[in-house]
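# Structural characterization, general
The chain contents come next:
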Amino acid sequence: MTMNKKTEQKIAFALFRLLGLLVAGILFWILGFIIYNGIGVISWEFLTTAPTEGMTAGGIFPAIAGTLCLVAGSVALAFPVGVMSAVYMNEYAGNNWMVRFIRVMTNNLGSIPSIVFGLFGMTLFVNTLGFGDSILAGSCTLGLLVLPLIIRTTEEALKAIPGSFRTGSLALGASKLQTIRKVVLPMAFPNIVTGLILSVGRVSGETAPILFTVAAYFLPKLPDSLFSQVMALPYHLYVIATSGTDIEASRPIAYGTALVLIVIVLLMNLLAATLRKLK
Amino acid sequence: MKRLRLITERLAEAALALSGSVSSLAILLIIVFLFREGLGLFGSSSVEKGYALCVHSSNPVEQLTPQQVKQIFDRELTDWREAGGRQGEIVPFRFDELFSLYSEEELGEDGELLAQRLGEVIARTPDVIAFVPEEYLPRGNRAVKVLPAEKISPSAFFGGREWLPTATPAPQFGVLPLIMGTVWVSLFAILIALPLGLGVAIYMSELAGARIRKLLKPTIELLAGIPSVVYGFFGLAVLAPLIRETLHLPVGETAFAGSLILAIMALPTIITIAEDAMRRTPLAMREASLALGATPWQTIYRVVVPCASSGIMAAVVLGTGRAVGETMAVLMVTGNAAVMPHSLFQPVRAIPATIAAELGEAPAGGAHYQSLFLLGCILFAITMLISVSAEYISGKNSGKEI
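Everything numeric here is computed off the predicted structure, so don't read it as measured data.

Of regular secondary structure, chain B possesses 17 helices and six strands. The C-alpha radius of gyration of chain B comes to 30 Å, more than 25% above the 21 Å expected for a compact globule of 402 residues. Its C-alpha atoms put chain B at 95 × 80 × 35 Å along the principal axes. Entry remark: accessible area of chain B is about 18,200 Å², with carbon and sulfur atoms responsible for 61%. Averaging the positions of the 31 positive and the 36 negative side-chain charges in chain B gives two centres separated by 15 Å.

Attention shifts here to the pattern of salt bridges. Residue and element names in this part refer to chain B. Scanning the model with the defined rule gives 16 salt bridges over all chains in all. Of the charged contacts, one joins Glu275 and Arg279 as a salt bridge, the two residues approaching to 2.9 Å between their closest N and O atoms. A residue pair is termed a helical-turn pair when its members lie 3 or 4 positions apart in one helix, as Glu275 and Arg279 do in helix α11 (residues 255-279) at four residues. Since its relative accessible area comes to 0%, Glu275 is described here as buried. Bridged by salt links that share partners, the residues Arg213, Lys217, Glu275 and Arg279 form one connected network.

On to the interface of chain A and chain B. Taken together, the 76 residues of chain A in the interface contact 78 residues of chain B. Carbon and sulfur atoms make up 80% of the surface buried where chain A meets chain B, a total of about 6,600 Å² over both sides. Inspection of the region where chain A meets chain B yields zero salt bridges. Where chain A meets chain B, there are nine residue pairs in polar contact (both at pLDDT 80 or more). Secondary structure elements with two or more residues in the side of chain A that touches chain B: α1 (5-38), α3 (61-92), α4 (97-111), α5 (114-128), α6 (135-159), α8 (176-205), α9 (233-242) and α10 (251-278) of chain A. For the side of chain A that touches chain B, the element with the most residues is α1(A), which contributes 19 residues. In the side of chain A that touches chain B, the residues fall into 52 nonpolar, 18 polar and six charged.

Another point: the nonpolar core. Nonpolar side chains in soluble globular proteins generally cluster together in the buried interior. Core analysis: the biggest nonpolar cluster contains 183 residues, and A:Phe16, B:Ile30, B:Leu34, B:Phe157, B:Tyr231, B:Phe233 and B:Leu375 have the highest contact counts within it. Look past the residues within four positions of B:Phe157 in its chain and what remains in contact with it is B:Leu41, B:Phe42, B:Trp163, B:Phe173, B:Gly174, B:Val175, B:Ser371, B:Leu374, B:Leu375 and B:Ile378.

Under the counting rule described, the total for this entry stands at 22 aromatic pairs over all chains. The interplanar angle of 15° and the centroid separation of 6.5 Å between the aromatic rings of A:Tyr88 and A:Tyr92 together place this pair among those described as stacked. Taken as a pair, A:Tyr88 and A:Tyr92 lie in helix α3 at a separation of four residues, close to a single helical turn. Taking relative accessible area as the criterion, A:Tyr92 reaches 14% and is therefore assigned buried. Here the aromatic rings of B:Trp184 and B:Phe188 are separated by 6.2 Å at their centres, their planes lie at 45°, and the arrangement is tilted. Of this pair, B:Trp184 and B:Phe188 are both found in helix α8 (residues 176-207), four residues apart, which corresponds to roughly one turn of the helix. B:Phe188 gets classed as partly exposed once you look at its relative accessible area, which sits at 28%. Members of the aromatic cluster, connected to one another through ring pairs, are A:Trp29, A:Phe33, A:Tyr255, B:Phe233 and B:Phe234. Over the face of the ring belonging to A:Tyr92 we find A:Lys176, whose NZ or CZ atom lies 4.8 Å from the ring centre.

With that settled, consider the packing of α8(B) against α11(B). Residues and elements named next belong to chain B. Between α8 and α11, the least distance of the axes is 6 Å, while the angle of their chain directions is 35°. Where α8 crosses over α11, the two elements pack in a sense that is right-handed. In terms of residue class, the contact of α8 with α11 is built from 23 nonpolar, four polar and three charged.

Next up on the list: the side chain of A:Asn269. Structurally, the position occupied by A:Asn269 is in helix α10. For A:Asn269, the residues in contact, after removing those within four places along its chain, are A:Leu198 and B:Leu222.

Turning our attention to helix α3 (residues 66-73) of chain B. Residue and element names in this part refer to chain B. Burial within α3 is extensive, with six of its eight residues counted as buried. Residues Pro66, Gln68, Val69, Lys70, Ile72 and Phe73 constitute the buried set of α3. Taken together, the buried residues of α3 touch β1 (51-56), β2 (91-94), β3 (128-133), β5 (163-164) and β6 (172-173). A positive backbone phi angle near 60° is found at Arg75, which sits one or two residues after α3.

Residue and element names in this part refer to chain B. Along the chain, the position of Val175 falls in the loop between β6 and α8. A residue is classified by how much of its surface remains accessible, and Val175, at 0% relative accessible area, is buried. It is 47 Å that separates the C-alpha atoms of Val175 and Pro282, two residues lying 107 residues apart in sequence. Here Val175 is in contact with Phe157, Phe158, Gly160, Leu375 and Ile378, once residues within four sequence places are set aside.

This paragraph deals with a negative patch on the surface. Residues and elements named next belong to chain B. On the surface, Glu104, Glu105, Glu106, Glu109, Asp110 and Glu112 cluster together into a patch of negative charge. Relative to the helices and strands, Glu112 is located in the loop between α5 (104-107) and α6 (114-124). Judged by its relative accessible area of 53%, Glu112 falls in the exposed class.

Time to look at a nonpolar patch on the surface. Together, B:Leu25, B:Leu28 and B:Val32 make up a nonpolar patch on the protein surface, roughly 280 Å² of accessible area in all. For B:Leu28, the location among the structural elements is in helix α2 (residues 22-39).

In this section: unusual backbone geometry. Residues and elements named next belong to chain B. Of note, the phi angle at Arg75 is positive, near 60°, even though the residue is not glycine. Secondary-structure assignment places Arg75 in the loop between α3 and β2. For Asn336, which is not glycine, the phi dihedral falls at a positive 55°. Turning to its location among the elements, Asn336 is positioned in the loop between α15 (328-333) and α16 (351-358). With a relative accessible area of 23%, Asn336 lands in the partly exposed category.

Residues and elements named next belong to chain B. Taking strand neighbours across the sheet as the criterion, the four strands line up as β2-β3-β1-β4 in an open arrangement whose pairing is mixed. Every interior strand has two partners, whereas the edge strands, β2 and β4 (144-147), have only one. On average, each strand axis in the sheet is tilted by 30° relative to the strand beside it, whichever way the strands run. For β1 and β3, the ladder comprises five bridges, and the chain directions are antiparallel. Paired with Val55 across the strands is Ile129, a residue of β3. The sheet strands contacting α3 are β1, β2 and β3, and the helix crosses β2 at an angle near 90°. Sitting on the sheet, α6 is in contact with β1, β2, β3 and β4, with an inclination near 40° to β1.

A few words on the confidence of the model for chain A. Interpretation of the predicted coordinates at a detailed level should be avoided for regions scoring low in pLDDT. Within chain A, residue pLDDT values average 88, and 98% of them lie at 70 or more. Per-element confidence in chain A ranges from a low mean pLDDT of 78 for strand β2 (residues 57-58) of chain A to a high of 93 for α6(A).

Thresholds applied
- Residues numbered from 1 in each chain as written.
- Chains lettered and ligands numbered in written order.
- Predicted model: local features only at pLDDT ≥ 70, side-chain atom pairs only at ≥ 80, totals over all residues.
- Heavy atoms only, no water.
- Helix = DSSP H or I, 4+ residues; strand = E, 2+ residues; numbered from the N terminus.
- Rg over C-alpha atoms; globule rule 2.2 N^0.38 Å.
- Areas by Shrake-Rupley, 256 points an atom, 1.4 Å probe, with all protein chains shown as cover.
- Lys, Arg positive; Asp, Glu negative; His and termini not counted.
- Charge placed at Lys NZ, Arg CZ, Asp CG, Glu CD.
- Salt bridge = Lys/Arg side-chain N within 4 Å of Asp/Glu carboxyl O.
- Buried < 20%, exposed > 50% of the residue type's maximum accessible area, 1.4 Å probe, protein only.
- Contact = heavy atoms within 4.5 Å.
- Buried area = accessible area lost by both parts, 1.4 Å probe.
- Polar contact = N/O pair within 3.5 Å; in protein donor to acceptor, adjacent residues only side chain to side chain.
- Nonpolar A, V, L, I, M, F, W, Y, C, P; charged D, E, K, R; others polar.
- Core = buried A, V, L, I, M, F, W, Y, C linked by side-chain atoms within 4.5 Å.
- Phe/Tyr/Trp six-rings, centres within 6.5 Å; stacked < 30°, edge-to-face > 60°.
- Lys NZ or Arg CZ within 6 Å of the ring centre and 35° of its normal.
- Axes fitted to C-alpha atoms, helices over the stretch in contact; angles between N-to-C directions.
- Left-handed = near helix turned anticlockwise from the far one by under 90°.
- Patch = residues over 30% accessible without salt bridge, like charges linked within 9 Å, V, L, I, M, F, W, Y side chains within 5 Å.
- Pairing = 2+ DSSP bridges.
- pLDDT = per-residue confidence, 0-100.

Below, the structure is given as structure tokens:
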């Protein structure tokens, strides 16, 4: 052996420490860059007014409102379906081929690239069902996208409830449905909500699925129905970063938009982490 | 009362079962809709819809491939001999040239003489090839021969080296440059991310104390949570200029920039899964190795890593899946030139980015639109394959537990 095995270990471990630092460094580089450049742009006016002068000035209010609509719409669709799906898999069906099949399918759905959801949403919701470019079409598409995430987190939450609670409830004469409603779901609630929060973070950042189902390039008014188009934060960032009327002039707006997006994601992650700790 | 309760129970169970089937149904629908639109491409004509190509009836050429048509109108193919005809310089003629040849009166007030004039042009130019709207075809004219439009074939699609979906008169749908773009960008992303991710996973599972781990874990989760469009923006605003200046390239938006961003994006997936796999190595195995006199480092690379190898494989496969399907970040930083890549330091275009960039402009139902759906099908098939193989690999892993 040419190298002492102690020295070898020292070198290897130092390298791994360095790599750990590097990964943390990358995150702080990205966050720092966006916060440093974006913080000066954020103001009450920036958050509450519409873009002006070819999106080189003004605020991003319509984009924030649009993203809120999409988050609300997609979660309202996906959350009940996801939770019910998980309840069925964990409480009703035993560990048979059906459940294994559903689990594999859910995993597969989760691994489909977001642009494929965009294509699918465009043919099914926009064209075949005739929703047009609308909040409804966008919400359906985004809802499908986060469904696997909601199912997975809910299933884990349900699995964490000890079986004795279920048998105890059943022994007291409660029916299965009553047990689920009154015992299992309330106990699993904090963890289920964690999944909900994570999916809010995910939906607010997705761009590819909304490109062809809902996103408007520039629409400085609030939506008036489920069938109106809206602007959305991630699409707005993409537009002003790559194809705005004056890319240099709209850079500050892009930093501001990126910061708002990052803050939403950070907040959601933080909220989920706190909820997990509370349990 | 009791009956009512029983009915509610049954109804609830049915509703729950129905919800359970939604994800399977969604996949089924995705397959049906994607492939229905995408496979339509192979039935459609390689010449733009509503248009036709015609030549002089004395011309012996009966059929031209889409590639030949494109070369003729690009003036790359100039002699009929090269297209299987007799000698003579090809005269490409586009419909709008008619308006510079004839005055408004000669063409008729409502264009009713357009077809007739077109027939005249073709009749007096034996080596002409004209690209005209079908409604203005001089049908009765004996001097005019309409070339049958060739159907787009799977071999032209999968083997074609040119992606020019908006070229007239013959758009080219060769998917090879896009596939190669995706392969290059994802491959190098994984080559960068694998050693990095593996190192961090080893650090987190074997070396770091509980406190550092508690700090590093949420950091990595955050890295996974940042929206891809923000990564794209970061790549555009920071990485691309950095690459351009340090490597003295004409543009910074290259395959290399895409690989770097994708590597960062694939890191959380690789780290999390590889770390989980390493943590599952039984304590007994580590202790046995240490008792035999191995150092902790030797234990790691001789015992822990081999034992977690299938988990690490799954991590790589899933990281690749993330990289292959990533759209926005790649769209924003790779420069989007649909050419066969020759080096890492030139702009390339990946499959998802192509769909995102072009679908907005492709008329619904046209060949371009269908070709983009077919790209979606390819992407879908690749990610399904990746997802299933990752499941197979980690399934093997869980069976190995002691």
